[in-house]
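The residues making up each chain are set out below.
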Amino acid sequence: MNFEGRIEKLIKLLSNKGLDAAILTNRSNIRYFTGMRFNITSFSILFVSEKGNIVFLVPTLDYKRVKKDCWIRDIRQFPEDNPNYLAPLKKVLSDNMACQIGVEFPAISIEGENLIKEVTNAILVNIDNDLLTLRSIKTKEEVELIRASAKIADEAMTKALESVKEGMREYEVSAIALNVMMNEGAEGPSFEPFVMSGENAWLPQRFSSKKELKRGEMILFDMGCILDGYCSDITRTFSLGGLSDEQKELFKIAREAQKSAVAAIKPGISGEDVDKVAREYIAQKGYGKHFPHLTGHGLGLSIHEMPILDKGFEVVLEPGMVVTVEPGIYVEGIGAARIEDMVLVTEDGFSLLTSAPRDLIDIGR
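Summary of the structure given here.

How each quantity is defined
- Residues numbered from 1 in each chain as written.
- Predicted model: local features only at pLDDT ≥ 70, side-chain atom pairs only at ≥ 80, totals over all residues.
- Heavy atoms only, no water.
- Core = buried A, V, L, I, M, F, W, Y, C linked by side-chain atoms within 4.5 Å.
- Buried < 20%, exposed > 50% of the residue type's maximum accessible area, 1.4 Å probe, protein only.
- Phe/Tyr/Trp six-rings, centres within 6.5 Å; stacked < 30°, edge-to-face > 60°.
- Helix = DSSP H or I, 4+ residues; strand = E, 2+ residues; numbered from the N terminus.
- Salt bridge = Lys/Arg side-chain N within 4 Å of Asp/Glu carboxyl O.
- Axes fitted to C-alpha atoms, helices over the stretch in contact; angles between N-to-C directions.
- Parallel < 35°, antiparallel > 145°, perpendicular 65-115°, else oblique.
- Contact = heavy atoms within 4.5 Å.
- Nonpolar A, V, L, I, M, F, W, Y, C, P; charged D, E, K, R; others polar.

In terms of nonpolar packing, the biggest core is built from 45 residues, with Ile7, Leu10, Leu24, Phe33, Leu46, Phe56 and Val66 touching the most fellow members. Listed in part, the 29 residues of the second largest apolar core include Leu250, Ala257, Val323 and Ile329.

This part takes up the packing of aromatic side chains. Counted by the stated rule, this structure contains 4 aromatic pairs. Both rings, one in Phe38 and one in Phe56, keep their centres 6.1 Å apart while their planes meet at 85°; by these two values the pair is edge-to-face. Within this pair, whereas Phe38 is found in the loop between helix H2 (27-34) and strand E2 (45-49), its partner Phe56 is found in strand E3 (residues 54-59), the two being separated by 18 residues in sequence. This pair shows no difference in class: Phe38 is buried, exactly as Phe56 is. Each ring, one from Phe43 and one from Phe78, has its centre 5.3 Å from the other, and the planes form 40°; the classification is tilted. On the criterion of sequence distance, the pair formed by Phe43 in the loop between H2 and E2 and Phe78 in strand E4 (residues 75-78) is long-range, its members being 35 residues apart. We classify Phe43 as partly exposed; its relative accessible area is 29%.

Moving on to the pattern of salt bridges. With the rule as written, the count across this model stands at 25 salt bridges. Where salt bridges share partners, they join Arg31, Arg37 and Glu187 into one cluster.

Let us look at the packing of helix H1 (residues 3-16) against H2. The interhelical angle for the contact between H1 and H2, taken along N-to-C directions, is 120°, at an axis separation of 7 Å. Viewed along their axes, H1 and H2 adopt a mutual orientation that is oblique. Seen from H1, the contacting residues are Phe3, Arg6, Ile7 and Leu10; seen from H2, they are Arg31, Tyr32, Phe33 and Thr34. Looking at side-chain class alone, the contact of H1 with H2 contains 5 nonpolar, 1 polar and 2 charged residues.

Take a look at the structure:
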């Protein structure tokens, strides 16, 4: 990965926005610019000035590893279990005069914000969306990692569903998928995987419970993994047999909406227009009020990033963007259906990155 080139783009962003520096703490952004992975309980701070000064602040326990593996030269440590853990940042701010500093508002702590203002009296500007936009177009190397992550998710989904039997609990199916993903070299799940069956599906209840799977229910399974930092995300709908014609029709509508939305993806179309394709089809079939969420979202180093496929999002799709397409229908007393695939925007259209069977999976055993 060309991390130096990414930093150059960040410096150009700072210059264009009239900012003197950026202070980043979001885990995905840290990894994007440094290449370094940290334990989920840990955190780090990346300082980049418009003049090109780069300082990477990491916990003492990670210092030697980061010093050995990271391309950045100025790496400093802080004791994460010490009340004065932000003291090294204070020194960095004192050495670098900055009047306007870009930060990620969703990620910065109140303590960090107060320290920056105390030391610099700077104006803080939110650059979170700018960074998401910067990350939205993937390089060939990133696409290959995402493709590999999707392949593991496909395998985990397939093997988990092959193991399903009546009487299994929702969390047991999730556990099988988790085991497959970890055995295939994933860092972990990209989010908490969840199986939702029967009432849990139409609520919806987005976690796996102790509920047993049984015939006559529509069952959704949403899961994904992280491979070398990059996320995958896939959903399939299945049953143990015994579905009514109305339940089967519900699935058919959700599937056709998803196929139509995927087929619409190409460079130049907006996220809003892709959403419109799926939403209008479901509405025409009489289930418009039962489609309560977005049609899709970007993914990469984060499970949810730009672009968004939903009403009000006019961002135009470009080659190299990776999105999910996942319209869903949730009807109380009947069931729920959703099919989710990962899609790469190409120069002349799209390419599907996930391939597990998409039709209604009937595990009648």
